[in-house]
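Reading the structure
The residues making up each chain are set out below.
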Amino acid sequence: LLIEEMIVSDPTCVTTQCLLEGKIPFVDVIISWIEAIHSPDLRYSRVLSPGRISQCTFDGLHRSDRSGIESHREGTEKHDRMFRFPTNVSTTPFFRWSLEMLSFIITKLYILSKENGRGPIPRRYTKCREIIIENVASIPLLCKSILLIHENDESHRAFKMPIILNAL
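Here is a short report on the structure shown in this document. The shown structure was predicted, so the numbers you read here are calculated from the model rather than taken from an experiment.

1. Let's talk about the overall build of the chain
Check the secondary structure of the chain and you find eight helices and three strands. Secondary structure of the chain in N-to-C order comes out as α-α-β-β-α-β-α-α-α-α-α. Taking contacts inside the chain between residues at least 6 apart in sequence as the whole, the part at least 24 apart equals 66%.

If you want it as structure tokens, here you go:
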């Protein structure tokens, strides 16, 4: 694989952040999938409100009552995503491929660090591996989103991938 050759020659190629998004490769795809399934489009999800399921947010304000609270809006929308429970969640091929690629990369970095013994070279591999794992571990709502996947086989497959196991 080309990615394998790139990792061997320069392991930092997989931890260099995109200038536009500020994320390492493949992480943006995972974040986009999570944002899509936690979309505020209420046809696809339910938002829990204290004591009931409705279109209300956790703070009790109905969506139509929010127009005067613009400064509070961004924090409330992030808060809403935490309490939104999408139904019939499925993965996308690009999401699955991103998890597979990140899993391959951290596994390859681990193998390279062990093959090269001690010294600065294996530390570079280990550091790059840690950066990738930390980036994935810091994705908001990742575990919740994987748990919401409708097909149990897909959910189990995702949780068994090395990137998810290490990020937990």
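Okay, back to it.
2. Here's the deal with helix α2 (residues 27-37)
Those residues of α2 that fall on the buried side of the exposure criterion are Val 27, Val 29, Ile 30, Ile 31, Trp 33, Ile 34 and Ile 37. Next to the buried residues of α2 lie β3 (84-86), α4 (93-115), α5 (120-137) and α6 (142-147).

3. Considerations on the nonpolar core
With 35 residues, the main nonpolar core has Ile 132 and Ile 163 as its most contacted residues. Listing elements by their share of this core, those giving two or more residues are α1 (2-9), α2, α4, α5, α6, α7 (152-160) and α8 (162-167). Looking at which element gives the most residues to this core, the answer is α4, with eight residues. Contact partners of Ile 132, with chain neighbours within four places excluded, come to Val 14, Thr 15, Ile 24, Leu 102, Ile 105, Ile 106, Leu 109 and Ile 163.

4. What about the pattern of salt bridges?
Counted according to the given criterion, the structure contains three salt bridges. Between Lys 108 and Glu 4 there is a salt bridge, with the nearest N and O atoms lying 2.8 Å from each other. Highlighted residues: Lys 108 in helix α4 and Glu 4 in helix α1, separated in sequence by 104 residues. Judged by relative accessible area, Lys 108 falls into the buried class, the value being 15%. The exposure class of Glu 4 is partly exposed, given its relative accessible area of 27%.

5. A closer look at the environment of Ile 133
Along the chain, Ile 133 falls in helix α5. Apart from the residues lying within four places of it in its own chain, the contact partners of Ile 133 are Ile 106, Ile 163, Asn 166 and Ala 167.

6. Side note on unusual backbone geometry
A positive phi angle is found at Phe 26, which is not glycine, with a value near 80°. Along the chain, Phe 26 falls in the loop between α1 and α2. Although it is not a glycine, Leu 141 sits at a positive phi angle of roughly 65°. Considering the arrangement of structural elements, one finds Leu 141 in the loop between α5 and α6.

Conventions adopted
- Residues numbered from 1 in each chain as written.
- Predicted model: local features only at pLDDT ≥ 70, side-chain atom pairs only at ≥ 80, totals over all residues.
- Heavy atoms only, no water.
- Helix = DSSP H or I, 4+ residues; strand = E, 2+ residues; numbered from the N terminus.
- Contact = heavy atoms within 4.5 Å.
- Buried < 20%, exposed > 50% of the residue type's maximum accessible area, 1.4 Å probe, protein only.
- Core = buried A, V, L, I, M, F, W, Y, C linked by side-chain atoms within 4.5 Å.
- Salt bridge = Lys/Arg side-chain N within 4 Å of Asp/Glu carboxyl O.

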